[in-house]
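Given next are the chains, with one letter for each unit.
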Amino acid sequence: MHAKSRVAIIGLLMLRAASATSVPQLSFEQLTDTSDLIATGSVTQSWTAWDAEHKYIWTHYQLSVSSVKKGAAGSSVEFAEPGGAVDGVGMDIAGSVSYRTGENVLIFLQRMPNGYLRTTGWGQGKYSIDGAGRLRAAASLRGLEIVDGKSAAAAPVRSLDGMTVTEASQRIADRVRAAQSTERGQ
Amino acid sequence: MTKSSVLTRAIALVVPMTLWMDPAAFGYIRQSFVDAKGVVVPVQRIDNTGIQFYLNNLIVPGVQSSASGSAVTVISPGSDPVSAVTSAAATWNAVATANVHFLPVLSTARVIDPMDFQMTIAIGSTASDLSALGGAVAITLDSYVTGAGVLNGVNYAEGNIYDSDIVLNPAVKFSTDGSTSTDLQAVMTHEFGHSLSANHSGLLGATMFQYASLNERYLSVDDVSLVTSAYPASTASLGTITGKVVASDGSAVQNGLVTMIDTAGGNVVGSLTGTDGSYTVQAPAASYMIYVEPMAAGSIVQPANLYFPASTVVTTNFQTTALGGFSAPTQLTVAAGKTTTVPNLTVTAGTSALQQPYIGVGKAGGSGSIGTVASLAEVAPSGQSIDIALIGGGIDGTVAIQALGQGVSVQPGSVRVDSSVSFGGILTGMPLVRVTLNLTSRQTSTLASLIITKGQSTIALSGVAVIVPPTPVISSVNDAESARTSIVPGEWVAIYGSNLANSYYVWAGTDFVSGNLLPVRINGVSVQFNGTPAAVYFTLGTQINAQAPSGLSGNVNVTVSNNGSYSAPFVATAVPVAPSLFNYPAGSNFYPAAVHLSGAIVGDPSALAGTTKALPGETIVFFVNGLASSSGGSIVSAAVPYTNPVTLTIGTATATPSYAGLVAAGEYQLNVTIPTTLAPGNYPITVSTQGQTSPSGIILPVGP
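Residues numbered from 1 in each chain as written. Chains lettered and ligands numbered in written order. Predicted model: local features only at pLDDT ≥ 70, side-chain atom pairs only at ≥ 80, totals over all residues. Heavy atoms only, no water.

Participant: Help me understand the overall build of chain A, please; the structure alone is not making it clear to me.
Facilitator: When its secondary structure is counted, chain A shows two helices and ten strands. Starting at the N terminus and walking to the C terminus, you meet the elements of chain A as α-β-β-β-β-β-β-β-β-β-β-α. Burial analysis of chain A (186 residues in total) assigns 51% to the buried set. For chain A, the share of sequence-separated contacts (at least 6 apart) that also reach a separation of at least 24 residues comes to 60%. Of the roughly 7600 Å² of accessible surface on chain A, a fraction of 51% belongs to carbon and sulfur atoms. (Helix = DSSP H or I, 4+ residues; strand = E, 2+ residues; numbered from the N terminus. Buried < 20%, exposed > 50% of the residue type's maximum accessible area, 1.4 Å probe, protein only. Contact = heavy atoms within 4.5 Å. Areas by Shrake-Rupley, 256 points an atom, 1.4 Å probe, with all protein chains shown as cover.)

Put into structure tokens, the structure is as follows:
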């Protein structure tokens, strides 16, 4: 085979990371709009079970509802996260968020195709409420790039992290009203 | 199953409901769970020396799915999913210090089923799949036993994985050719890491970091150390380092992110502290500095990103602190096979006013040139200077920035605000701070970290830059046997340029790790044609010989990656037929790489000793490149006859082969009887088929 040495520098490439994320980051607006139920409350119990297809194990939680910010719920609501263990079989699905009994939360829930309510955006919809009534985000999912410097291009909105429940509730209510107005105007 | 029955069963079995990890016991960030006795058990494969994944047969180029509710082209038409999966597996197989081997992926019609004991990669198709995906790009479903026993006829110990399935989101557009933003090979490399029981990493540039990016095709030392620790090979040469992180009052710092950096050798390894503040990590033998950072508010790594259950205690009220301080960090020696016990690392109390900023890359020493910032690691070719841009998180022009990593340093006095760049949205009004990093040319990838200090506040951007070899540059792509610039699918091609590889290397037996597939990455070098990985035969800094994949036509983007550094695409032209004789130089001539039926090489003994001339009436075996399009990337186990007319022209005589066929990868064989009309002498020789003739310049010596 011919071995040749022909070198021509045609310029350096600055390769940057692709914008792919394991889980898309949701802005506050997206988080609110895509959630079917937003509520505060306390987790009262949990259990595990296979789903209807006997394909995935889910950990189910019961939330004693204190207040509903979006959607409709009774005094308690059941939601679930994939993963857990049943009958000696453990199943890990990377990235699932978990809850502990007695935990106070502001939670964004989305109805899944299998009918379960699940935390919106892999933990992005979970905020623990500390003793002072402030929110603490469970997961950082800041994966999106912000593009187009010097313009006011759409950018992900930082989470509700650090807000009081009252502040967050007002913001959610404003967003829900805005979204409803948009729907009526269409 | 009713709720009450499940509750009863759960109580009776005291089954673990969530997953967590004990880094103090296992180092890095591995998957584990708490068993019925409250013991932390690592999740572990027992088939690590022969991991058999199956690729669902619907995963083909151009496949569409409507499972998400709308028709989506899940795999772009120009992609090669089999090669992407194969390359991802080969990346893990290549870790010499780990006893891990993925077998060549097989095809299956089966779909996701965690109880079928078959590890399947499939596009999510059912309500169950979509619900479990929950919008993620892909998920790995590791199924393990929570107690010892026999399952499907196999003895399993507690925590052993018996099935791993990988589900691709039917709403996501995957590709291997860069035509979409989700690189299938990078995703698969990450997901295979999960199948090996890897948790996410706290190092932004690691393959197992929580967000997929192109650099996740390549393993960091952190990833390598993890799999080496979990599945050590007999030749593993890691040392162990153990210590404890405490607050000033002596209390344990729980679940602090630990980073160890070998600034001389480029090794970077991360871990977590346990509930007692201790950590134990295995790392390559070297000298390390060590620091710990909190998973505090505003950090890109949060407990849920590492699958912590809600009950996990995470200490956050401390500053990022280095053992010995960042100005003169204590150097810790790790020796192979030895354990180094580190003095307690006492953290500085307080909460940092700084948070994780968004990050961008720009021209060194300049302004502007920052169009994108992200929360991801940046890839930076070495042998140059670059600007890292930081915005948000309280960063301003008063910060001090320190770079940690092999061959990376901050240009003195280069920290400044670039007021020519601004962003909207949440970053409105925030200053963009630039710092110039000088990157010494290097042959392998490494991670660099930045330590940012403002007043009493310190944060770490651990593994924020993936420093890779200098950018490869392709200057031409030719037929490997001539200077012809057209290439044929399945033929051997020569790629010329600079920084294409770190050294001369020819494939070896150890590179053939995937059955009958040819190696697609040798010496840390791979080549892609329209995103499809190609078999690579040899590398040199200025030349790579590779086999063009099948199915190419027209303009083809050829790219080279050298140990994580990517070239710009070079546009080559693919044609269906362009024959050229394999040949060798001797003296001032090029002779056909031909043999007598005895196996002796044909040639001019005056130019190359040991060769003999072809004789009139003798059958000579010639070898041809590009005689026709063929399959690329695999060993040819049975000859494939070539039935189109072929002629050899020797001087003015013509000859028709008694046999023509593909006998090896990219290699056609012609058995030709030398015309008896030829008198002794040197004759130009060419081969023709389908109206195409090989380039001139090859001489056949005819004897006696």
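Participant: Sorry if this is basic, but what is going on with the environment of Lys69 of chain A here?
Facilitator: Residue and element names in this part refer to chain A. In this fold, Lys69 is placed in strand β2 (residues 57-70). In this structure the C-alpha to C-alpha distance between Lys69 and Ala168, which are 99 residues apart in sequence, comes to 9.8 Å. Among the polar contacts made by the side chain of Lys69, one reaches the side chain of Ser67 at a distance of 3.0 Å. Looking at Lys69, its side chain comes within polar contact range of the side chain of Ser169, at 3.0 Å. (Polar contact = N/O pair within 3.5 Å; in protein donor to acceptor, adjacent residues only side chain to side chain.)

Participant: Sorry if this is basic, but what is going on with unusual backbone geometry here?
Facilitator: A negative phi angle characterises most non-glycine residues, just as the trans form characterises most peptide bonds. All names here are of chain B. At the junction of Gly703 and Pro704, the peptide bond is cis and its omega measures out at 10 degrees in the coordinates. As for its placement among the helices and strands, Pro704 is situated in the segment after β56 (699-702). Despite not being glycine, Gln690 has its phi angle at roughly 50 degrees, a positive value. Along the polypeptide, Gln690 turns up in the loop between β54 (681-689) and β55 (692-693). You can call Gln690 partly exposed: its relative accessible area is 46%.

Participant: Explain the packing of helix α3 (residues 81-93) of chain B against helix α5 (residues 184-195) of chain B to me, please; I cannot follow it from the model alone.
Facilitator: Any two packed helices are characterised by the angle at which their axes cross and by the distance between the axes. All names here are of chain B. One way to put it is that α3 packs onto α5 with a least axis distance of 8 Å and a crossing angle of 45 degrees. Put simply, α3 runs oblique to α5. Crossing geometry of α3 relative to α5 is assigned as right-handed. Where α3 abuts α5, its residues Pro81, Ala84, Val85, Ser87, Ala88, Ala89, Thr91 and Trp92 lie against Leu184, Gln185, Met188, Thr189, Phe192 and Gly193. Its residues assigned to classes, the contact of α3 with α5 shows nine nonpolar, five polar and no charged. (Axes fitted to C-alpha atoms, helices over the stretch in contact; angles between N-to-C directions. Parallel < 35°, antiparallel > 145°, perpendicular 65-115°, else oblique. Left-handed = near helix turned anticlockwise from the far one by under 90°. Nonpolar A, V, L, I, M, F, W, Y, C, P; charged D, E, K, R; others polar.)

Participant: How should I be thinking about the nonpolar core in this particular structure?
Facilitator: In globular proteins that are soluble, nonpolar side chains generally tend to be buried together. All names here are of chain B. Residues Tyr291, Ile388, Leu390, Leu437, Leu450 and Ile452 are the most contacted members of the largest nonpolar core, which totals 47 residues. It is strand β32 (residues 457-468) that contributes the most residues to this core, eight residues altogether. Of the domains in this structure, domain 1 (1-234) and domain 2 (358-468) are the two that each give at least three residues to this core. With residues near it in sequence (within four places) discarded, Ile388 still touches Ile359, Gly360, Val361, Val433, Arg434, Val435, Leu437 and Leu450. Residues Ile51, Ala84, Trp92 and Leu219 belong to the second largest nonpolar core, which totals 39 residues. (Core = buried A, V, L, I, M, F, W, Y, C linked by side-chain atoms within 4.5 Å. Domains from an automatic or database assignment.)

Participant: How do you make sense of the environment of Arg110 of chain B when you look at a structure like this?
Facilitator: All names here are of chain B. By the secondary structure assignment, Arg110 is in the loop between β6 (106-108) and β7 (119-123). Distance in space between the C-alpha atoms of Arg110 and Asn56 is 6.4 Å, their sequence separation being 54 residues. Look past the residues within four positions of Arg110 in its chain and what remains in contact with it is Asn56, Asp116, Gln118 and Thr120.

Participant: In this structure, what is going on with helix α6 (residues 221-230) of chain B? I would like to understand it.
Facilitator: Count 3.6 residues to each turn of an α-helix, and residues three or four apart come out pointing the same way. The element α6 of chain B is extensively covered by neighbouring structure, given that eight of its ten residues are classed as buried. Every buried residue belonging to α6 of chain B is among Asp222, Asp223, Ser225, Leu226, Val227, Thr228, Ser229 and Ala230 of chain B, and all of these are buried.

Participant: Would you mind showing me how to read α5 of chain B here?
Facilitator: Residues and elements named next belong to chain B. Taking 1.5 Å of rise per residue, twelve residues should cover 16 Å, and α5 covers 16 Å from first to last C-alpha, within 8% of that figure. Three or more residues of α5 are buried, namely Leu184, Gln185, Ala186, Val187, Met188, Thr189, His190, Glu191, Phe192, Gly193, His194 and Ser195. Residue Ser197 follows α5 closely and has a positive phi angle near 80 degrees. (Expected span 1.5 Å × (residues − 1).)

Participant: Would you mind showing me how to read the confidence of the model for chain B here?
Facilitator: As a general rule, the predicted coordinates of low-pLDDT regions are not to be interpreted in detail. Residue and element names in this part refer to chain B. When the pLDDT values of chain B are averaged, the result is 86; 92% of them are 70 or greater. Low pLDDT, under 50, characterises residues 1-27; the stretch is placed with 80 contacts to residues that sit more than four places away or in other chains. This prediction of the complex comes with two scores: 0.71 for pTM and 0.82 for ipTM. (pLDDT = per-residue confidence, 0-100.)

Participant: Just checking my understanding: could you explain the sheet that holds strand β40 (residues 543-547) of chain B for this structure?
Facilitator: Residues and elements named next belong to chain B. One open sheet accounts for five strands, arranged β33-β35-β40-β39-β36; its pairing is antiparallel. On the outer flanks of this sheet lie β33 (473-479) and β36 (505-506), each paired with one strand and no other. Here two bridges tie β36 to strand β39 (residues 535-539), and the two strands are oriented antiparallel to one another. Each bridged residue has a counterpart across the sheet, and for Tyr505 the counterpart in β39 is Thr539. (Pairing = 2+ DSSP bridges.)

Participant: When you look at the side chain of Ser482 of chain B in this model, what are you seeing that I'm missing?
Facilitator: Residues and elements named next belong to chain B. Structurally, Ser482 is set in the loop between β33 and β34 (486-487). The exposure class assigned to Ser482 is buried, which follows from its relative accessible area of 5%. Of the polar contacts made by the side chain of Ser482, one reaches the side chain of Asp479; its length is 2.7 Å. A polar contact is formed between the side chain of Ser482 and the backbone nitrogen of Arg484, at a distance of 3.1 Å.

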